Amino acid sequence: MRVLVVGGAGYIGSHTVRLLNQSEHQVWVYDNLSMGHRRSIKSDQLIVGELTDRERLEGVLLRNRIDAVLHFASSTCVGESVKEPAKYYFNNVIATLGLLESMRACSVKKFVFSSTTSTYGQPDRIPIVEDTLQLPVNPYGFTKLVIERALKDYAHAYGFAGAALRYFNASGASSDGTIGEDHEPETHLIPLVLQVALGHRESIQVFGNDYPTADGTCIRDYIHVEDLASAHLAALEKLEPGRVLEVNLGTGVGNSVLEVIEACRKVSGHPIPVVMSPRRAGDLPELVAECSLAKALLGWEPRYRRIEDIVQTAWNWHRSHPRGYDDRT
């Protein structure tokens with residue numbers, strides 16, 4: 001299949017591009033490099049451009065006879081979305097709707113969309129199943145839900161074949177340690193903890209130890225980035241015209257903040273001091289996926305389930321790339 005990966009130079013996108021290459025798909029990457037890195041993908045696959053540049057985008061779709069689009073290009077920080085909602089509505093809604101319209105103009109109707117557990121808001125049950133009521137509590141989650149709904153409408157009206165993949169906490173790095181996570185600023189727990197092990201931070205701040213969990217800290221479902229990539233490949237092969245697959249991508253296993261920190265200590269061999277701070281507004285006690293639908297619909301299951309194994313891949317990457325890609329262009 002001839003695939004365009006939008007945002008393919010980013011964290012999850014680059015791992016998915018690698019898997020698509022290994023699976024003998026023909027792949028092009030369309031990225032503005034605002035968050036992605038040139039060094040994470042092959043240079044001959046990269047096309048630098050903005051989603052809002054419809055002429056350039058449609059030229060890429062037509063010239064390369066694209067069959068399907070995988071969409072990873074969005075703004076993803078919950079806290080920032082509350083402070084800067086305009087950015088999120090523009091990047092995640094307006095630009096993505098423009099992408100769908102460019103696809104429609106070029107008769108490209110296969111679309112795999114990176115969605116999020118944030119569309120659920122404050123779920124009334126754990127683990128979270130796909131028919132849980134979606135009531136997002138921040139602009140980030142709402143903008144993703146808007147596109148989920150738009151995709152269903154495009155499937156119904158225009159025959160699009162879609163998948164909305166709701167991620168839990170993406171984590172880890174490639175198993176060979178050559179590509180990994182490099183954000184600026186960094187907001188994800190595991191790389192922040194490993195920055196302490198590398199000597200880049202003095203301690204790790206933990207927000208709240210009075211939640212109704214075993215150790216008082218928040219519990220999350222950490223899903224390895226290569227498992228996310230394999231789910232995208234599986235979804236691509238299951239697309240059907242007029243239908244949108246909606247599935248959770250997690251492990252079904254929850255780990256608390258303190259458990260993650262302890263796993264980082266064990267894997268890195270470094271003491272990691274903790275500073276306890278008050279709760280952050282909006283943090284929920286527990287978010288864990290129910291993943292049986294992904295197995296039933298996609299034939300997909302995660303390979304990485306132990307937090308220590310996920311952390312080990314992250315540590316291999318950060319230890320060998322202490323400055324990340326060192327590529328801000």
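For clarity, every value in this text was computed on a predicted model and none was experimentally measured. (Residues numbered from 1 in each chain as written. Predicted model: local features only at pLDDT ≥ 70, side-chain atom pairs only at ≥ 80, totals over all residues. Heavy atoms only, no water.)

Participant: Break down helix H4 (residues 85-105) for me, with residues and values.
Facilitator: Between the first and last C-alpha of H4 there are 29 Å, a value that for 21 residues agrees with the 30 Å anticipated at 1.5 Å per step. Among all positions in H4, only Tyr88, Asn92, Val93, Ala95, Thr96, Gly98, Leu99, Leu100, Ser102 and Met103 are buried. Where the residues of H4 are buried, they touch strand E1 (2-6), helix H2 (54-63), strand E4 (68-71), helix H3 (78-83), strand E5 (110-116) and helix H5 (139-158). (Helix = DSSP H or I, 4+ residues; strand = E, 2+ residues; numbered from the N terminus. Expected span 1.5 Å × (residues − 1). Buried < 20%, exposed > 50% of the residue type's maximum accessible area, 1.4 Å probe, protein only. Contact = heavy atoms within 4.5 Å.)

Participant: Can you lay out the pattern of salt bridges for me, pointing to particular residues and giving the numbers?
Facilitator: Under the criterion given, the structure shown has 20 salt bridges. Salt-bridge contacts for Arg18 lead to Asp176; the nearest nitrogen and oxygen are separated by 2.9 Å. Taken together, the residues span a long stretch of sequence, with Arg18 in helix H1 (residues 11-22) and Asp176 in the loop between strand E7 (169-171) and helix H6 (189-197) at a distance of 158 residues. By relative accessible area, which is 25% here, Arg18 ends up partly exposed. Accessibility expressed as a relative area gives 47% for Asp176, which makes it partly exposed. Note that Glu262 is salt-bridged to Arg265, the shortest N-O span being 3.1 Å. Remark: Arg265 and Glu262 occur in helix H8 (residues 257-268); sequence separation between them is three residues, near one turn of the helix. Taking relative accessible area as the criterion, Arg265 reaches 27% and is therefore assigned partly exposed. (Salt bridge = Lys/Arg side-chain N within 4 Å of Asp/Glu carboxyl O.)

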